[in-house]
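Notes for the structure review
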Amino acid sequence: GSTSQANTKRRLARMGKEGGFLTTKAIGNRIKAKGLQKLRWYCQMCEKQCRDENGFKCHMMSESHQRQMLLAAEKPGQFVHNYSKDFKNAFITLLRTRYGTKRVQATVVYNEYISDKEHVHMNATHWRTLTSFVHHLGQEGVCIVDETEKGLFLTYVDRDPELLHQQRKLEKLNRSERDEEERQADFMREQYERDLEAAKAKGVALEPEAPVAIPLPPAVEDGKVIVGISLKLGAPAAAKPAAAPLPVPAAIAADDDDDEPVDDGAGKRKLSAMEQIRIDEERRKRERDGKQGKETGRDSKAARIEEKPAREDPPWVCEGIVVKVMNSTLGDGKYYKKKGVITAVANDYLATIRIIDTKALLRLDQQFLETVLPAIGGAVHVVAGPYKGIRATLTAIDVDNFCATIEPTEGHDRGQRVPRVPYEHICKVAE
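Here the residue numbering is sequential within each chain, running from 1 through the sequence in written order. Only residues with pLDDT of 70 or above have their local features reported here, since the model is predicted, and side-chain atom pairs are shown and tallied only from 80 upward, although totals for entire chains, interfaces and linings are computed over all residues. With hydrogens and water set aside, each side-chain value is computed from the structure's full complement of heavy atoms.

Points about the overall build of the protein chain
To qualify as a helix, a DSSP run of H or I must reach at least 4 residues; to qualify as a strand, a run of E must reach at least 2; elements of each kind are numbered from the N terminus. Regarding its fold elements, the protein chain presents 11 helices and 21 strands. Contacts spanning at least 24 positions in sequence make up 47% of the contacts within the protein chain whose residues lie at least 6 apart. Calculation of accessible area relied on Shrake-Rupley with a 1.4 Å probe; when residues are assessed, cover is drawn exclusively from the protein chains displayed. Only carbon and sulfur atoms are counted for the fraction: they give 53% of the accessible area of the protein chain, which is about 30300 Å². The contact criterion used is simple: two residues touch if any of their non-hydrogen atoms lie within 4.5 Å.

Right, here's the structure in full:
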């Protein structure tokens, strides 16, 4: 019994020393290896993370690391290109699958990306900072980049072929529906013209019957009057004598353009499509004949602008500044909070803007625009206040009081700091 117990103890002790995985040292190493380690002790070529400086130094002198460095020395550009490509693809995949087309802060996506211990580190790529990488994504059209006071925000642009195909099919269907409506309207108009020519060839004229006043029922008190109109070909047929109609006021008798029911002798009925087209054509003809002395083109626009009353808000838009579009209905909202550069100003209030991302041109009033602040040290243009019209440098931002400190670069106060300037009084200068 004592011999078997001694053998068991010796066997367990041998397992503790030689088992490896169950030893205290192995368990401690696994605990230390959990989580992210310091970036300066990571070797991207060997994809090995060291826990301290001594371990990293030993790895640098190892034979395997020396072989990897010899391979990288032959084609250094190719290795950097491959690492940059892998980093970009992994980052975009995470952005697309995790956040979709939602607007998200760039640092949030990056922190989630580096939580994977096996990720490609940014110091092995072309980009040295997250800001430069995000601007690269915006220039390639992969994402819509929005720079705010809180940092950079990303919105992924979905270019899935299946989604684009569905959008094209929907646009084609809408175009076909519009074309069908136009063809139907043309067909009705042509049919009316053919009937009109056939009536003229037979010597029969289409004449509207004299308007007949219909007495109002006693319950109606809002003054509405229904005017009846009927069409007849040639001479009227013999009809039974009817009671004399009530006298019709001149204003009612002249209003024969409304789409009202027609009295055809058997009761009131709605106008047919052909009768409606004829009435619309006659109305348009009278409008064309009655228009005289009206200006056209730019002269009429200028006259209308001059007739507008003076505005109370002072003009602040000018050429060469970066502004943000705040009209949420323009283009179904696709230009909302987009940044652009003002290229021209008309009548002190109407600005022509070139959107930075899409290069689209817009014309908007200043009430639909908002000033944009650059980063600290950036150039600004003072658009309102006592320093209006000068250039300055942004030196500080007070987020709590919605104001900033600037340093004019021209004028009498050049080089002096001006504190507590409201956000709406300064705007970023386009590069």
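A closer look at the sheet that holds strand β19 (residues 403-408)
Paired strands, as defined in this entry, are two strands with at least two bridges between them according to DSSP. Read across the open sheet, the 5 strands follow the order β20-β19-β18-β17-β21; overall the sheet is antiparallel. Two strands lie at the open edges of the sheet, namely β20 (418-422) and β21 (426-428), each paired on one side alone. Adjacent strand axes in the sheet meet at a mean angle of 50 degrees when their direction is disregarded. Only the stretch in contact is used when a helix axis is fitted, and all axes are lines through C-alpha atoms; the angle between N-to-C directions ranges over 0 to 180 degrees.

A few points about the packing of aromatic side chains
For any pair of aromatic rings, the description rests on two quantities: the centre-to-centre distance and the angle between the ring planes. Each aromatic pair joins two rings of Phe, Tyr and Trp (for Trp, the six-membered one) with centres within 6.5 Å, and gets the label stacked for planes under 30 degrees apart, edge-to-face for over 60, and tilted for any other angle. If you walk through the whole model with that rule in mind, you get 8 aromatic pairs. With 6.3 Å between their ring centres and 40 degrees between their planes, Phe87 and Trp127 make a pair best called tilted. Here Trp127 lies in the loop between α6 (106-114) and α7 (130-139) and Phe87 lies in helix α5 (residues 76-99), a separation of 40 residues in the sequence. According to the relative accessible area criterion, Phe87 is buried, its value standing at 0%. A network of ring pairs unites the aromatic residues Phe87, Phe91, Tyr113, Trp127 and Phe133 as a single cluster. For a lysine, the NZ atom is tested; for an arginine, the CZ atom; a charge sits over a ring if that atom is within 6 Å of the ring centre and within 35 degrees of the ring normal. One residue, Arg103, lies across the ring of Phe153, its end atom 4.2 Å from the ring centre. Residue exposure (1.4 Å probe, protein chains only): buried if accessible area is under 20% of the type maximum, exposed if over 50%, otherwise partly exposed.

Some words on the layout of surface pockets
A cavity here means a set of 1 Å grid points, computed over protein atoms only, where a 1.4 Å probe fits but cannot escape. A pocket is an open set with protein on both sides within 12 Å along at least 5 of 7 lines, and lining residues have an atom within 4 Å of a point. Grid points are joined across faces, edges and corners, and a volume is the space filled by probe spheres set on the points. In this structure, the largest pocket spans a volume of roughly 1200 Å³. Among the secondary structure elements, those contributing two or more residues to the lining of the largest pocket are α7, β4 (143-148), β5 (151-156), β13 (339-346) and β14 (350-355). Counting residues per element, the lining of the largest pocket draws most heavily on β4, at 5 residues. Approximately 730 Å³ is the volume found for the second largest pocket. Every residue lining the second largest pocket is counted, 26 residues in all, and those nearest its centre are Glu147, Thr148, Glu149, Lys324 and Leu373. Looking at the lining of the second largest pocket, the elements with two or more residues in it are β4, β5 and β16 (369-371). Three classes are used: nonpolar for Ala, Val, Leu, Ile, Met, Phe, Trp, Tyr, Cys and Pro, charged for Asp, Glu, Lys and Arg, and polar for all others, with Gly counted as polar. Split into classes, the residues belonging to the lining of the second largest pocket amount to 12 nonpolar, 3 polar and 11 charged.

What to know about the nonpolar core
Residues grouped as a nonpolar core are buried Ala, Val, Leu, Ile, Met, Phe, Trp, Tyr and Cys residues, joined through side-chain atoms within 4.5 Å. Ranked by size, the top nonpolar core spans 32 residues in total, and within it Leu95 and Leu154 carry the most contacts. Listing elements by their share of this core, those giving two or more residues are α5, α6, α7, β4 and β5. Setting aside chain neighbours within four positions, we find Leu154 in contact with Phe91, Leu95, Lys102, Arg103, Val104, Ala106, Val134, Cys143, Ile144 and Val145. Residues Val317, Val325, Ile353 and Leu369 belong to the second largest nonpolar core, which totals 17 residues.

Some words on the pattern of salt bridges
When a carboxyl oxygen of Asp or Glu lies within 4 Å of a side-chain nitrogen of Lys or Arg, that pair is called a salt bridge. On inspection of all chains with the given rule, the structure shows 8 salt bridges. Residues Arg67 and Glu63 are paired through a salt bridge, measuring 3.3 Å at the closest nitrogen-oxygen approach. On the criterion of helical spacing, the pair formed by Arg67 and Glu63 is a turn pair, its members being 4 residues apart in helix α4 (residues 63-74). Looking at Arg67, the relative accessible area reads 47%, which means it is partly exposed. Take Glu63: its relative accessible area is 60%, and that puts it in the exposed class. Each of Asp186, Arg189, Glu281 and Arg284 takes part in salt bridges that share partners, so that together they form one network.

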